[in-house]
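Okay, here's what each chain looks like letter by letter:
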Amino acid sequence: MTRFLVGRVLLLAVGLLVASLIVFATLRVLPGDVAQVVAGAEATPAQIAALREQLGLDRPVVLQYLDWIGGLFRGDLGNSLVTRGPVAPEIAQKLAVTLPLAGMSLAAALVIGVPLGVLAAVLRRRPGGAVISAAAQAVAAIPVVWAGMLLVALFAVTLHWLPVQGFPLDGWDTPDRAFAALVLPALTIGAVEGAVILRFTRSATLSVLDADHVRTAAAIGLTKNRALLRHGLPSVALTVLAVLGVQIAGLLVGAVVVEQLFSLPGVGRMLVTDVGRRDITKVQSELLVLTGLVLLVGFAVDVLHRVLDPRQREAAS
């Protein structure tokens, strides 16, 4: 287990390093002059050149990258090229919205996808199972923006149950209002991601319904449903856990779109704004933070899967 953890930590570090190189290089090859954008359309060439020197944009690209990476090791994500303020506190403030949104979306996806996926497998030869599977196919194909607008029309415009847009100015100091503001966005992401999880759960459940240990449990006196719950669902849970490592990336991408749709002050909305302003220091730090979150979740899923799956422990021993 120690060797496994060391290997995964090294893989995580290499992944972050490669991600930082890709993010940094990609932003540097985008068209447009950052100094020109920051200085404004009326700036003279001399003013633009002075600003480029002040911001360090005239230095070799390699040195700019090393300065950025060196700051990351100290917890310094750099300063915004537009506001000149530190990036780290602002990202931390926006994560207070994005991370709860991601957590609520994941919970909604699991609540929707796992029970309905098991039910669709159990009812595979009945009309109910076909209806659930068809609905999952349809919902999984819906863009997140469309899903959000449909849910807004239902829960906000028609039923008046939930707020449409915005987040409390005092943030989580009023937790009830903050939570209510995230329910509809979380349902938007959770419905689409839950449909994908449902399909994987259905396939995993179908594979264990005819497994030897489940049939043996049914043969010695347990009902088929009880045999599935007691002896089949642990295997299904491992499959769902493996899928989550992939779905988290889609969940965070959905959060970027949903934060724009619902006017939430999260990292996704800030990222879109900063891309438009060509604030490359903030953009590269925001992208690296989001990438790091995805890699950390993948790392946690790998470790948890290793701990819970007896087959992997036996293979390692």
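Residues numbered from 1 in each chain as written. Predicted model: local features only at pLDDT ≥ 70, side-chain atom pairs only at ≥ 80, totals over all residues. Heavy atoms only, no water.

Peer 1: Lay out the overall build of the protein with the relevant residues and their values.
Peer 2: Along the protein, the regular secondary structure elements total 13 helices and 0 strands. The order of helices and strands in the protein, counted from the N terminus, is α-α-α-α-α-α-α-α-α-α-α-α-α. Counting over 317 residues, the protein shows a buried share of 39%. At a minimum sequence separation of 6, the contacts of the protein that also span at least 24 residues come to 71%. (Helix = DSSP H or I, 4+ residues; strand = E, 2+ residues; numbered from the N terminus. Buried < 20%, exposed > 50% of the residue type's maximum accessible area, 1.4 Å probe, protein only. Contact = heavy atoms within 4.5 Å.)

Peer 1: Describe a nonpolar patch on the surface, with residues and values.
Peer 2: Together, Met-1, Leu-5, Leu-304, Val-307 and Leu-308 line one region of the surface with nonpolar side chains, adding up to about 410 Å² of accessible area. The leading source of residues in the nonpolar patch is helix H12 (residues 280-308), at 3 residues. Assignment of secondary structure puts Leu-308 in helix H12. On the accessibility criterion, Leu-308 (48% relative accessible area) is partly exposed. (Patch = residues over 30% accessible without salt bridge, like charges linked within 9 Å, V, L, I, M, F, W, Y side chains within 5 Å. Areas by Shrake-Rupley, 256 points an atom, 1.4 Å probe, with all protein chains shown as cover. Salt bridge = Lys/Arg side-chain N within 4 Å of Asp/Glu carboxyl O.)

Peer 1: Talk me through the nonpolar core; I want residue IDs and the actual numbers.
Peer 2: Across soluble globular proteins, you tend to see nonpolar side chains buried next to one another. With 25 residues, the main nonpolar core has Leu-101, Phe-167, Leu-182, Leu-184, Ile-189, Phe-262 and Leu-264 as its most contacted residues. Where this core is concerned, the elements lending two or more residues are helix H5 (87-122), helix H7 (144-158), helix H8 (175-209) and helix H10 (224-261). Considering every element that reaches this core, the biggest residue donor is H8, with 7 residues. Once you skip the residues sitting within four places of it in the chain, Leu-264 turns out to touch Val-97, Leu-101, Gly-166, Phe-167, Ala-181, Leu-182, Pro-185, Glu-259 and Arg-269. Judged by nonpolar contacts, the second largest core, of 11 residues, contains Leu-77, Val-87, Met-270 and Leu-271. (Core = buried A, V, L, I, M, F, W, Y, C linked by side-chain atoms within 4.5 Å.)

Peer 1: Before we move on, can you summarise the environment of Ala-242 with the specific residues and values?
Peer 2: Its place among the elements puts Ala-242 in helix H10. Taking the C-alpha atoms as reference points, Ala-242 and Asp-302, 60 residues apart in sequence, are found 7.7 Å from one another.

Peer 1: How would you explain unusual backbone geometry if you had to name every residue and give the values?
Peer 2: Positive phi, close to 70 degrees, is recorded for Arg-84, a residue that is not glycine. By the secondary structure assignment, Arg-84 is in the loop between helix H4 (61-73) and H5. A positive phi angle, near 55 degrees, is found at Ser-263, a position not held by glycine. Note on placement: Ser-263 falls in the loop between H10 and helix H11 (267-277). You can call Ser-263 partly exposed: its relative accessible area is 22%.

Scope: geometric values only; no functional claims are made or implied.
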